[in-house]
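# Topology and contacts: notes
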Amino acid sequence: MSNNEILKPQDRPSIGKWIPLSFQHVFAMFGATILVPLLTGLSPATALFTAGTGTMLFILCTGAKVPAFLGSSFSFIAPLIGVSAAYGLSYALGGAIVAGLFYCLIATIIRFTGTGWLDRVMPPVVIGSVIVVIGLYLAPVAMNMASRVNPNDPGTYSLVFLSIAAVTLCVTIVSNIFLKGFFSAIPILIGLIAGYIFTLLMGLVFPAYAIIDFQIVKDAAWFGFPKFHVPSFNIVPIIIFVIVSLATICEHLGDMVVTSKIVGQDFYKNPGLHRTLIGDGIATTWAAIWGGPPNTTYSENVGVMAITRVYSVWVIGGAAVIAVFLSFFTKFGAIIQTIPTPVLGGVSILLFGIIASSGLRTIVESGVDYKDKRNLIITSVILVIGIGGGKLAFKIAQDINGDPIMFELAGIALATVVGIILNLVIPVTKKD
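Anyway, here's the lowdown on the structure attached to this text. Note that the coordinates shown come from a computational prediction; the quantities given were computed from them, not determined experimentally.

What the protein contains, in helices and strands, is 18 helices and 4 strands. Computed over its C-alpha atoms, the radius of gyration of the protein comes to 22 Å, within 12% of the 22 Å expected for a compact globule of 432 residues. Seen through its principal axes, the protein has C-alpha atoms that stretch 60 × 55 × 45 Å. Expressed as a percentage of its 432 residues, the buried residues of the protein come to 51%. For the protein, long-range pairs separated by at least 24 residues make up 80% of all intrachain contacts whose partners lie at least 6 apart in sequence. As presented, the protein carries roughly 19100 Å² of accessible surface, and 68% of it is formed by carbon and sulfur atoms. When the 23 positive and 18 negative side-chain charges of the protein are each reduced to one mean point, those points stand 7 Å apart.

Here it is as C-alpha cells:
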C-alpha cells in the first residue's frame, strides 16, 4: 500500500496488509485499555476481552459503517473506584450495566427528537466543568500511587517510588511530544514499558527495591479464561453511573464529530448518531456483564487512522479479534499484573491531567464567556462540589437488622446534578 493510498470504511485490505494494520490499533489502545482495570481492581484480560467483543458489537450496531475501536473508559474510573469502595465491585458493575442501557434510551430519544434538548440540558459550560472535575477528582489517586508504598497509607511515602513514577512520566511526555508517526500514537504504552524496565534495573542495582515479583507469571498457565465478575444492583450506584454517563454521552457526540471529519463521512447522518450511541451503550453493558470496565470510542485509534489514512472497518474488526485472543493468553495477563504501582502512578499523573485539560478545552473551544456571571457561577459551584467532596446523604429505609439504608449522592455525580439544575434555573444573560 502506497503512502498516498486511502482505505475507506468498507475497503478490505489483503491479508498481508490486514494483520499488521490491525496490530497497529491493538498497540494504540493497549496501554489505556489495561490501565483502567489495573486502577480499578478489574482484570486486564477481561478488559481486553470486552474491548474486543464490544468493538465487534459496535460494528454490528452501526452496520459496519463506522471505524471505531472501543476500549476502557477513563471517565468512569472515578465512579468505579468510589462505588467499589462504598458498596463493592459487583455493585459498580451493576451501575455500569444500567449506564449502558441509559445510553440506549438516550439514543432512542435522539432518534425521534434530535440533540437540541441535550444541548439545552448540558451545554459546554456544564460538560466542560464536569470533565474537569472527573480529572481532578482522580488527582490524589495518581499521586498516592506515584509516591507511596501503600497508596492508602500517607505514612508510607517513598522517594524510590516517586523516582520510578517520574521516569515513567518523563518518558511518556517525551514520547508524546517528540516521537513521530505511529509511535506518537502509543506514548502510554512506551511510558509503561520504560517505567517497567527502569524498575527492573533499579531492583538489580539496589536489591532492597526489587518490587517486581514474577512468581505470578511462573504460576500462570499459558492459556485460560479471563476472570469474570458477577454484577449486583443497588439504586444508589445505578444513579451515580447514570448521572456520570450524561457527560460521557456528550463525549461520544464529540468523538463522532471528530471521526466524521477525519474519515470524510457524516456519521451523524449515516448510519446515524442514534446507532453509534446504541453501539456504545450495548458495548458498555456487555463489558460490565462480564466484569470489564465500561467502554468508549478511543481517540488513540482515531489518531492512528488520521496518521495512516486507513479507515477500514475490516482493520478495526481485525484488531478486535486480536484483543480477544490476547485475553485468553493467561501468561500475558500475568505479566501485565506485575506492572509496579509507581509506574501506573506516573502514567496516571499525565492521563488524569489530560482528562481535566480536555474539559478546559471543551470550555475554551465552545467560547464559554466567563464575563457572564451565569457561566462563572455554574462552573464555580460544579468545581467546588465535585473536587471538595460534596455529599448529599439521607436515610431512606432500614434493613431487617434495624440498620439504616442510606441514599448517598456525592462527588462527580452530585456536581453534575447541581450543574444541570443551575443551568436550567439561572436566567440566560441577554446580549445587548
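With respect to the helices and strands, Ala 32 occurs in helix α1 (residues 15-40). Its relative accessible area of 1% is what places Ala 32 among the buried residues. The spacing of Ala 32 and Lys 218 is 186 residues in sequence and 25 Å in space, taken between C-alpha atoms.

Quick look at unusual backbone geometry now. Going from Asn 270 to Pro 271, the amide bond is cis rather than trans, its omega being 15°. Along the polypeptide, Pro 271 turns up in helix α12 (residues 268-290). Even without being a glycine, Ala 64 presents a positive backbone phi close to 55°. Following the sequence through the fold, Ala 64 ends up in the loop between α2 (44-61) and β1 (70-72).

Further remarks concern empty space enclosed by the protein. Taken as a whole, this structure holds 1 cavity of 30 Å³ or more when the rule is applied. Space inside the largest cavity adds up to approximately 30 Å³. Along the walls of the largest cavity sit Pro 67, Ala 68, Phe 69, Thr 297, Tyr 298, Asn 301, Val 302 and Met 305, which together make up its complete lining. Counting residues per element, the lining of the largest cavity draws most heavily on helix α13 (residues 299-308), which supplies 3 residues.

Basis of the calculations
- Residues numbered from 1 in each chain as written.
- Predicted model: local features only at pLDDT ≥ 70, side-chain atom pairs only at ≥ 80, totals over all residues.
- Heavy atoms only, no water.
- Helix = DSSP H or I, 4+ residues; strand = E, 2+ residues; numbered from the N terminus.
- Rg over C-alpha atoms; globule rule 2.2 N^0.38 Å.
- Buried < 20%, exposed > 50% of the residue type's maximum accessible area, 1.4 Å probe, protein only.
- Contact = heavy atoms within 4.5 Å.
- Areas by Shrake-Rupley, 256 points an atom, 1.4 Å probe, with all protein chains shown as cover.
- Lys, Arg positive; Asp, Glu negative; His and termini not counted.
- Charge placed at Lys NZ, Arg CZ, Asp CG, Glu CD.
- 1 Å grid on protein atoms, 1.4 Å probe; cavity = no way out; pocket = protein on both sides within 12 Å on 5 of 7 lines; lining within 4 Å.
- Points joined across faces, edges and corners; volume = space filled by probe spheres on them.

Function cannot be inferred from these measures alone, as they are strictly geometric.
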